[in-house]
Amino acid sequence: MSTTIIVLIVGIVMVLAAVYVSWRAGRLDRLHIRLELAREALDVALVRRAAVVLELAGSRLLDPATSLVLAAAAHEARTAGPDEREHAESDLSRALRAAIDQDRFRERLSESLGGRALLEELDAAVAKVVYARRFFNNAVGVTRTAQHRWLARTLRLAGRTEFPEFFEIDDNPPETMATE
């Protein structure tokens, strides 16, 4: 009788342990899916911002020097490889800040035909980059924490998945955008 109870208890503990490990593996898998979706959303937001900046630069609403700087920064951001992407996106943010923070930039652009629509589109694109990067970095933090747990490391629940890295760029909006 006592052997049967011990076997039953050991069996229950093993089933509970298997259920827990399976649950942790499923959670880690869902976190990796969330991370990939956040990465795609961030990529879309960055490409959209660069496209709007290129549209603004080619609109003939800006002076030639500002147009050239913005176009070059947007082109670099769109064509940068994975290793240079953070640097190129930061350069685009700085170029945008330098252009938009010029004296009366928003007023002059708003007065021109189509300028107001471009400014609204740019404001939305810049805000989406900020939110998408925050969401992505949050997903990276949660995934890294889950991967660091002893059970995930011991049983290699993450498999051969690379350790996720944060996406750190200078995405501070221009002063005139932050105050509106």
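All values derive from a computational prediction rather than experimental measurement.

**Brief notes about the overall build of the chain**
The helix and strand tally for the chain stands at 7 helices and 0 strands. Going from N to C terminus, the chain has its helices and strands arranged as α-α-α-α-α-α-α. Taking 180 residues into account, the globule formula puts the C-alpha radius of gyration at 16 Å, and the chain, at 24 Å, lies well above it. In the chain, the proportion of contacts linking residues at least 24 apart, taken out of those at least 6 apart, comes to 74%.

**Structural notes on the packing of helix H1 (residues 2-57) against helix H5 (residues 115-148)**
Here H1 crosses H5 at 160°, and the two axes come no closer than 8 Å. When the axes of H1 and H5 are compared, the pair comes out roughly antiparallel. Remark: the crossing between H1 and H5 carries left-handed chirality. Class assignment of the residues belonging to the contact of H1 with H5 gives a composition of 23 nonpolar, 4 polar and 9 charged.

**What about the side chain of aspartate 170?**
Tracing the chain through its elements places aspartate 170 in the loop between helix H6 (150-154) and helix H7 (175-178). Judged by relative accessible area, aspartate 170 falls into the buried class, the value being 17%. Among the polar contacts made by the side chain of aspartate 170, one reaches the side chain of arginine 97 at a distance of 2.5 Å.

**Thoughts on the packing of helix H2 (residues 64-79) against helix H3 (residues 85-100)**
Two quantities define a packed helix pair, namely the angle between the helix axes and the distance between the axes. As a packed pair, H2 and H3 sit with axes 8 Å apart at the nearest point and diverge in direction by 160°. As the angle between them shows, H2 and H3 are arranged roughly antiparallel. Of the two elements, H2 crosses H3, and the hand of that crossing is left-handed. In this structure, H2 uses Thr66, Val69, Leu70, Ala73, Ala74, Glu76 and Ala77 to contact H3, whose residues at the interface are Arg85, Ala88, Glu89, Asp91, Leu92, Ala95, Leu96 and Ala99.

**Some words on the side chain of glutamine 147**
By the element assignment, glutamine 147 lies in helix H5. Aside from chain neighbours lying at most four places away, what touches glutamine 147 is Leu28, His32, Ala152, Arg153, Ala158, Thr161, Glu162, Phe163 and Pro164.

**Observations regarding unusual backbone geometry**
Here arginine 60, not a glycine, exhibits a phi torsion of approximately 65°, which is positive. Mapped onto the elements, arginine 60 comes out in the loop between H1 and H2. One non-glycine residue, arginine 104, lies in the positive phi region at around 60°. Tracing the backbone shows arginine 104 in the loop between H3 and helix H4 (105-111). Judged by its relative accessible area of 41%, arginine 104 falls in the partly exposed class.

**A short note on the nonpolar core**
Formed by 22 residues in total, the largest nonpolar core has its most connected members in Val53, Leu56, Leu70, Leu92, Leu96, Phe105 and Leu122. Those elements giving two or more residues to this core turn out to be H1, H2, H3, H4 and H5. The contacts of valine 53, once residues within four sequence positions are left out, are Leu70, Ala74, Leu92, Leu96 and Leu122. Membership of the second largest hydrophobic core comes to 12 residues, among which are Ala38, Ala45, Ala139 and Ile169.

**Considerations on the pattern of salt bridges**
The final tally for this structure, using the stated rule, is 11 salt bridges. The shortest N-O distance in the salt bridge between arginine 85 and glutamate 89 comes to 3.4 Å. Residue arginine 85 and its partner glutamate 89 are both found in helix H3; the two are separated by 4 residues, about one turn of the helix. In this pair, the class of arginine 85 matches that of glutamate 89, namely buried.

Scoring rules and cut-offs
- Residues numbered from 1 in each chain as written.
- Predicted model: local features only at pLDDT ≥ 70, side-chain atom pairs only at ≥ 80, totals over all residues.
- Heavy atoms only, no water.
- Helix = DSSP H or I, 4+ residues; strand = E, 2+ residues; numbered from the N terminus.
- Rg over C-alpha atoms; globule rule 2.2 N^0.38 Å.
- Contact = heavy atoms within 4.5 Å.
- Axes fitted to C-alpha atoms, helices over the stretch in contact; angles between N-to-C directions.
- Parallel < 35°, antiparallel > 145°, perpendicular 65-115°, else oblique.
- Left-handed = near helix turned anticlockwise from the far one by under 90°.
- Nonpolar A, V, L, I, M, F, W, Y, C, P; charged D, E, K, R; others polar.
- Buried < 20%, exposed > 50% of the residue type's maximum accessible area, 1.4 Å probe, protein only.
- Polar contact = N/O pair within 3.5 Å; in protein donor to acceptor, adjacent residues only side chain to side chain.
- Core = buried A, V, L, I, M, F, W, Y, C linked by side-chain atoms within 4.5 Å.
- Salt bridge = Lys/Arg side-chain N within 4 Å of Asp/Glu carboxyl O.

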